[in-house]
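Here is what each chain is made of, one letter per residue.
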Amino acid sequence: MKMLGIKNIGVLITGDVANPIRKATTIIVADGIIKKIGNEDLLTEYPCNKIIDANGITVAPGLLDSHVHPVLGDFTPRQNTVGFISSSLHGGVTTMISAGEPHTPGRPKDPSGTKALAILGKKSSQNVRPGGVKLHGGSLILEKGLVEKDFEELAKEGVNIVGEIGLGSVKDPEEASIMVKWAKKNGFKVMMHTGGTSIPGSSSISADDVIKTNPDVVSHINGGPTAIPLSEVDTLIDETKLTLEVVQCGNFKVMKHVVNKLVEKQDLERLIIGNDSPSGSGIIPLGVLRTISYIASETKATPEQAICFATGNSAKAFDLNVGIIEEGKAADFVLMDAPMGSVGTDSLKALEAGDLPGIASVIIDGEILVTKSRNTPPATNMPTIS
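Owing to the predicted nature of the structure, the values given are computational and were not obtained by experimental measurement.

Caption draft 1: Here's a closer look at the sheet that holds strand S11 (residues 93-98). Strand order across the open sheet formed by three strands is S8-S11-S12, with parallel pairing between neighbours. Each having just a single partner strand, strand S8 (63-68) and strand S12 (134-136) make up the two edges of the open sheet. Strand-to-strand, the axes of this sheet are offset by a mean angle of 15°, without reference to chain direction. Note that S8 and S11 share four bridges and pair parallel. The residue bridging Val-68 from the neighbouring strand is Ser-98, located in S11. Sheet contacts for helix H9 (residues 287-298): S8 and S11; angle to S8, the most-contacted strand, approximately 110°.

Here you go:
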């Protein structure tokens, strides 16, 4: 059995927004799964092949990007970029959720073609992890002509997410709601574009359209990039229990409004964070981290809650065994500290001040993939490995 120990943890972020900080200093990992959490005495009970001394810095779950538009592997023609997923790994992202692959050159828009694209994207992301990141690719784009049997066939092939509704030819809420019922019946999670159009061929979608369609996730409630009016935002917050996604490539005024209102309503488990990149806004490897920093410094949410929006909340929304630091969960971690020169004394204080933390290490399934981020400022304190 391959065992990893992490000791001398300064702050342990759980990913659980109801209980975001846990008083523990040591984590034991066995074959990529969290085995035990407690104090340093665990190291005498569990002989580890490798031990990381966190040197008093923060350990958090690996970040989830709930909204990415990949094609295949680590290439995107949207900005003609290779390695964009690997760059996100250096921003602390260990899991990505495809909201659909609309940038695929010559994307097929007939039923058999959109099914084939979803299966290809799903199986490609299962067979290779771009940059080491757990990419959940192959989210189905709804096109006219799909029938219930199509969803049954796709589920058997492992496809289990409907990409944001509005990207394809299905735009009418009544037509979309029928397909959503078929999708949910077959175990799919359903995302839906919200706000103004983002690419040619997509459509503007209002709060009323979302309510009639009844997806699981309101994609970029703060706009992708154009947001719905605040009155419609309030309708989705007050009159539904849908998961609400805010994104980096969106409207920051609306993002602040959403977070503050959910804090006031004590309804924070509904909020998740995505990037919505690659897009016209470009490639933003630190997009999720930047969104956490903005929320931590400019809203009523605490830094530790902001991290949970991009970890445990997102994992729960998509039924994934990641995003939470507890026994039995995947051992995906980000080790980070205040960046050199920050007024913050640790990663949480740095986030509260509006700074990006320095990422010192990224671990996926117990394997150390990053020992120093090439994209964030350098961490004030660094872990050591023995």
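Resuming the write-up.
Caption draft 2: Summary view of helix H8 (residues 252-264). Compared with the 18 Å implied by 1.5 Å per residue over 13 residues, the 18 Å span of H8 between its first and last C-alpha is a close match. At its buried positions, H8 is contacted by helix H7 (230-239), strand S16 (243-247), strand S17 (271-274) and H9. If you check the start of H8, you find a side-chain oxygen 2.9 Å away from the backbone N of Lys-253, and it comes from Asn-251. Looking one or two residues beyond H8, the residue adopting positive phi is Gln-266, at roughly 55°.

Caption draft 3: How the structure looks around the pairing of strand S1 (residues 3-7). Of all five residues making up S1, four are buried, and the element is well covered by its neighbours. Pairing analysis gives four bridges linking S1 to strand S4 (residues 26-30), with the strands arranged antiparallel. Note on S4: the bridge partner recorded for Met-3 is Ala-30.

Caption draft 4: Quick peek at the domain arrangement of the protein chain. Here the protein chain is described as being made up of domain 1 (3-61 + 324-385) and domain 2 (63-318). For domain 1 versus domain 2, the distance between C-alpha centres works out to 27 Å. Taken together, the contacts link 33 residues of domain 1 with 34 residues of domain 2. Here domain 1 meets domain 2 over a buried area of about 2500 Å², counting both sides, of which 69% is carbon and sulfur. One can count three salt bridges joining domain 1 with domain 2. A salt bridge links Arg-129 to Asp-365; the shortest N-O distance between them is 3.0 Å. The interface formed by domain 1 and domain 2 holds twelve residue pairs in polar contact (both at pLDDT 80 or more) in total. Broken down by secondary-structure element, the contributors of at least two residues to the side of domain 1 that touches domain 2 are strand S7 (58-61), strand S18 (333-337), helix H12 (347-352), strand S19 (358-364) and strand S20 (367-370). Sorting elements by how many residues they give to the side of domain 1 that touches domain 2 places S19 first, with four residues. Looking at the side of domain 1 that touches domain 2 residue by residue, the classes come out as 21 nonpolar, five polar and seven charged.

Caption draft 5: Inspection of the side chain of Glu-101 at higher detail. Tracing the backbone shows Glu-101 in the loop between S11 and helix H3 (111-127). No salt bridge forms around the buried Glu-101; measuring N to O, its nearest opposite-charge neighbour Arg-107 is 8.6 Å away. Non-local contacts of Glu-101, meaning those with residues more than four positions away in its chain, are made with Pro-70, Val-71, Arg-107, Leu-117, Gly-137, Gly-138, Ser-139 and Ile-141.

Caption draft 6: Here's a closer look at the pairing of S7. The pairing of strand S2 (residues 11-13) with S7 spans two bridges and is classified as parallel. Opposite Leu-12, over in S7, you have Val-59 as the bridge partner. Examined bridge by bridge, S7 and S18 share four bridges and lie antiparallel to one another. Paired with Pro-61 across the strands is Phe-333, a residue of S18.

Caption draft 7: Looking closely at the side chain of Asp-150. By the secondary structure assignment, Asp-150 is in helix H4 (residues 148-156). Look at Asp-150 and you get buried, because its relative accessible area is 10%.

Caption draft 8: Structural view of the sheet that holds strand S15 (residues 217-218). Sheet architecture is open: five strands sit in the order S13-S14-S15-S16-S17, paired in parallel fashion. Single-partner strands in this sheet number two, and they are strand S13 (161-165) and S17. Where S15 lies against S16, two bridges are found, and the strand directions are parallel. Following the sheet pairing, Val-218 is matched in S16 by Leu-244. Each of S16 and S17 is contacted by H9, which is oriented at about 135° to S17, the strand it contacts most.

Caption draft 9: Spotlight on the nonpolar core. Membership of the largest hydrophobic core comes to 72 residues, with the highest contact counts inside it found for Leu-142, Phe-151, Val-258, Ile-292, Ile-295 and Phe-309. Here the element with the most residues in this core is H9; it accounts for six residues. Residue contributions to this core reach at least three from each of two domains, namely domain 1 (3-61 + 324-385) and domain 2 (63-318). Excluding residues within four positions of it along the chain, Ile-292 makes contact with Leu-63, Ile-273, Ala-306, Ile-307, Ala-310 and Leu-351. Counting 20 residues, the second-largest nonpolar core is a separate cluster that includes Ile-9, Leu-12, Ala-24 and Phe-333.

Caption draft 10: Highlighting the pattern of salt bridges. Counted under the stated rule, the structure contains 22 salt bridges. Where Lys-123 meets Glu-157, a salt bridge forms, and the shortest distance between an N and an O atom there is 2.6 Å. A residue pair is termed long-range when its members are at least 10 positions apart, and Lys-123 in helix H3 and Glu-157 in the loop between H4 and S13 qualify at 34 residues. For Lys-300, the salt bridge is made with Glu-264, and the minimal N-O distance between the two is 2.6 Å. Linking Lys-300 in the loop between H9 and helix H10 (303-309) with Glu-264 in helix H8, this pair joins segments that are 36 residues apart in sequence. With respect to burial, Lys-300 and Glu-264 carry one shared label: exposed. Here the salt bridges share partners, and the residues they tie into one network are Arg-129, Lys-134, Asp-332 and Asp-365.

Cut-offs used in this document
Throughout this document, residue positions are counted from 1 along each chain, in the order its sequence is written. Side-chain atom pairs in this predicted model are given and counted only at pLDDT of 80 or more, local residue features only at pLDDT of at least 70, and totals for whole chains, interfaces and linings cover all residues. Side-chain calculation: all heavy atoms of the structure are included, whereas hydrogens and water are not. Any two strands are treated as partners once DSSP identifies two or more bridges connecting them. Comment: elements are numbered from the N terminus, with helices defined as DSSP H or I runs of at least four residues and strands as E runs of at least two. Angular values range over 0 to 180 degrees, each being the angle between N-to-C directions of two axes fitted as lines to C-alpha atoms, with helices fitted over their stretch in contact. Residues are treated as being in contact if the distance between any of their heavy atoms lies within 4.5 Å. To estimate how far a helix should extend, the number of its residues minus one is multiplied by 1.5 Å. Two N or O atoms count as a polar contact when they lie within 3.5 Å, although within protein this holds only if one can serve as hydrogen donor and the other as acceptor, and sequence-adjacent residues are included solely when both atoms are side-chain atoms. Think of it in three bands: with a 1.4 Å probe and only protein chains considered, a residue is buried below 20% of the maximum accessible area for its type, exposed above 50%, and partly exposed in between. Residue ranges labeled as domains rest on an automatic or database domain assignment. The quantity reported as buried area is the accessible area (1.4 Å probe) lost by two parts once they are put together, taken as the sum for both. A carboxyl oxygen of Asp or Glu within 4 Å of a side-chain nitrogen of Lys or Arg is what we treat as a salt bridge. Under the convention adopted here, Pro, Cys and the residues Ala, Val, Leu, Ile, Met, Phe, Trp and Tyr are nonpolar, Asp, Glu, Lys and Arg are charged, and Gly plus all remaining residues are polar. Residues scored as charged are limited to Lys and Arg (positive) and Asp and Glu (negative), so that His and the chain ends carry no count. Only buried residues count toward a nonpolar core, which is a set of Ala, Val, Leu, Ile, Met, Phe, Trp, Tyr and Cys residues joined through side-chain atoms within 4.5 Å.

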